[in-house]
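Okay, here's what each chain looks like letter by letter:
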Amino acid sequence: MRRRPDRIWKRWVVRGVVFGLLGFAATVASLFWAWTSPGLLRETVIQEFQRALPKAMVDLESASMRLLGGITLRELRLSRRDDLNRSDFFHVPLAVLYHDKEQLIDGVLAIRKVELKGPRMRLARNREGAWNLAELQGSDGSPLAGFPTVVVEGGSLLIEDHGPGRSSTRGPMSVEVRDLSILAISNPPGKLRVEAKGVSDLLGPIKIDWAHRRQGEGWTCRVEIPEVSLGHEANEFLMSYLPDPVQGQMRVVSGVVSITLEGSSLENDGKGQWQATLSARDVEVSFPWLPWPLKGLSARATVADGRLKSLEANGRAGSGTVEAMARDVGAAPGTVWTDLGKIEGTWSVDARDITVTPGLLGRCPWPCPPIEALFKPSGLVQISYRHEY
């Protein structure tokens, strides 16, 4: 008895469907095993970090899939390839990566969001002025349109400065920012914005807003330090950024100052141009050539490109008062700040109702010394300086 052709065809269709389902299930199972295998998943994550940061060394202890979605990373460390000491500039004990599940099936690890728990970061500048995070992406960089959202909780940032502009007689400056929270988001696509807040034992609360423009268009940055209590440690910090000849000429005793730093660059990895605005109140500062300190000093100053762009200050000196003004002041090439006669720009100082004591005028700038030698004045005097160079 011959079998009917239609029955044979149906059997082969059923067999084909069964074998197809089995093959699909085996493929899905193998993919699931591959992507959930801790070893393979760890290597995949390391490759993604190395692709994004080709000039960085990546060390990762483990990576595992989460039941509710995402990838858990433990003990992730990053360092520069050209750093012989292999000092970590980034270390996080626990991180969670939220990926695109559809692209994961195709073998692509596309990260949408990153959560970092308690990371420790180090930002350092060498003696040539280069930062340790410069050019980590390589010469071409990575498109910002695919940059994931990054959330940092309970982090810390250590800033070390060995760079130019600091005193040659002092060691590196070190400031740590703790309780750091960061939100980095690419919105609109192609423009990265970073908001950070933290607290420093030396500088108090700190807020940072950093924006990377579209690829190839540079960056902008604004740092706000609203209230720094001046004392011995803060005085050492501020003095380290003054020229060597100036450091011994003043000592900040007490007071409160707020600092705003604004920087921008037209190049992605450019050092940028920076401007600092300082507002001070209730400051007490002493000078070795004055018999009494300046008290109750209030001041507002702007510094950019190594020059004092503007200054307005007033305070008390003994029984009298002092007012100062400056516009675009800077040391001429080959001169020092203590050589007042060769300081470029416009500045003035008015001191009223100053009680003259023996030797006081002799310690003041010219022409006070010859005036004291010739006339030996006493009592209350008014001294005014006007300088344009």
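Residues numbered from 1 in each chain as written. Predicted model: local features only at pLDDT ≥ 70, side-chain atom pairs only at ≥ 80, totals over all residues. Heavy atoms only, no water.

Undergrad: Can you walk me through the overall build of the protein in this structure?
TA: Tallying secondary structure elements over the protein gives 6 helices and 17 strands in all. Expressed as a percentage of contacts within the protein between residues at least 6 apart in sequence, the contacts between residues at least 24 apart total 51%. Here the protein has roughly 23,000 Å² of accessible surface; of this, 57% comes from carbon and sulfur atoms. (Helix = DSSP H or I, 4+ residues; strand = E, 2+ residues; numbered from the N terminus. Contact = heavy atoms within 4.5 Å. Areas by Shrake-Rupley, 256 points an atom, 1.4 Å probe, with all protein chains shown as cover.)

Undergrad: Help me out: how do you make sense of the pairing of strand β12 (residues 273–286) in this one?
TA: Pairing analysis gives 12 bridges linking strand β11 (residues 251–265) to β12, with the strands arranged antiparallel. Note that in β12 the partner of serine 254 across the bridge is glutamate 284. (Pairing = 2+ DSSP bridges.)

Undergrad: Please clarify how the nonpolar core should be interpreted in this entry.
TA: Buried together is how nonpolar side chains tend to be arranged in soluble globular proteins. With 70 residues, the main nonpolar core has Leu73, Leu76, Phe90, Leu116, Leu203 and Val228 as its most contacted residues. In contact with leucine 203, not counting residues within four places along its chain, are Val175, Ile225, Glu227, Val228 and Phe237. (Core = buried A, V, L, I, M, F, W, Y, C linked by side-chain atoms within 4.5 Å. Buried < 20%, exposed > 50% of the residue type's maximum accessible area, 1.4 Å probe, protein only.)

Undergrad: Honestly, the pattern of salt bridges in this entry has me stumped. Any pointers?
TA: A side chain with one charge can pair with a side chain of the opposite charge if their charged atoms come near. By the definition in use, this model includes 21 salt bridges. The shortest N-O distance in the salt bridge between glutamate 262 and arginine 222 comes to 2.7 Å. Of this pair, glutamate 262 sits in strand β11 while arginine 222 sits in strand β10 (residues 219–230), placing them 40 residues apart in sequence. Taking the relative accessible area as the measure of exposure, glutamate 262 reaches 34% and is therefore partly exposed. Across the pair glutamate 312 and arginine 327 runs a salt bridge, and its minimum N-O distance is 3.3 Å. Separated by 15 residues along the polypeptide, glutamate 312 in strand β14 (residues 307–317) and arginine 327 in strand β15 (residues 320–331) bring together distant segments of the chain. Arginine 327 gets classed as partly exposed once you look at its relative accessible area, which sits at 35%. (Salt bridge = Lys/Arg side-chain N within 4 Å of Asp/Glu carboxyl O.)

Undergrad: Is there a simple way to think about the environment of cysteine 368 in this case?
TA: Position of cysteine 368 relative to the elements: it lies in helix α6 (residues 368–375). The class for cysteine 368 is buried, based on a relative accessible area of 7%. When neighbours within four sequence positions are excluded, cysteine 368 is seen to be in contact with Leu361, Ile383 and Tyr385.

Undergrad: Quick question: what am I supposed to make of a nonpolar patch on the surface here?
TA: Among the surface-exposed residues, Ile371, Leu374 and Phe375 lie close enough to one another that they form a single nonpolar patch of about 350 Å² accessible area. With respect to the element layout, isoleucine 371 can be found in helix α6. (Patch = residues over 30% accessible without salt bridge, like charges linked within 9 Å, V, L, I, M, F, W, Y side chains within 5 Å.)

Undergrad: Help me out: how do you make sense of the environment of aspartate 88 in this one?
TA: Along the polypeptide, aspartate 88 turns up in strand β3 (residues 88–99). Residue classification places aspartate 88 among the partly exposed positions, given a relative accessible area of 28%. In contact with aspartate 88, not counting residues within four places along its chain, are Arg77, Leu78, Ser79 and Arg122.

Undergrad: Would you take a moment to explain the pairing of β3 for this structure?
TA: Working note: regular strand, side chains alternate between the two faces of the sheet. The pairing of strand β2 (residues 71–80) with β3 spans 8 bridges and is classified as antiparallel. Of the residues in β3, the one forming a bridge with leucine 76 is valine 92. As paired strands, β3 and strand β5 (residues 120–125) are joined by 2 bridges and run antiparallel to one another. Looking at β5, one finds that histidine 91 is bridged to arginine 120. The pairing of β3 with strand β4 (residues 111–117) spans 6 bridges and is classified as antiparallel. Each bridged residue has a counterpart across the sheet, and for valine 96 the counterpart in β4 is glutamate 115.

Undergrad: Please clarify how the side chain of arginine 80 should be interpreted in this entry.
TA: By the element assignment, arginine 80 lies in strand β2. By relative accessible area, which is 13% here, arginine 80 ends up buried. Side-chain polar atoms of arginine 80 contact the side chain of aspartate 82, separated by 2.9 Å. (Polar contact = N/O pair within 3.5 Å; in protein donor to acceptor, adjacent residues only side chain to side chain.)

Undergrad: Sorry, what's going on with the environment of serine 258 here?
TA: With respect to the element layout, serine 258 can be found in strand β11. A relative accessible area of 23% places serine 258 in the partly exposed class. When the C-alpha atoms of serine 258 and glutamate 224 are compared, they prove to be 7.9 Å apart, with 34 residues separating the residues in sequence.

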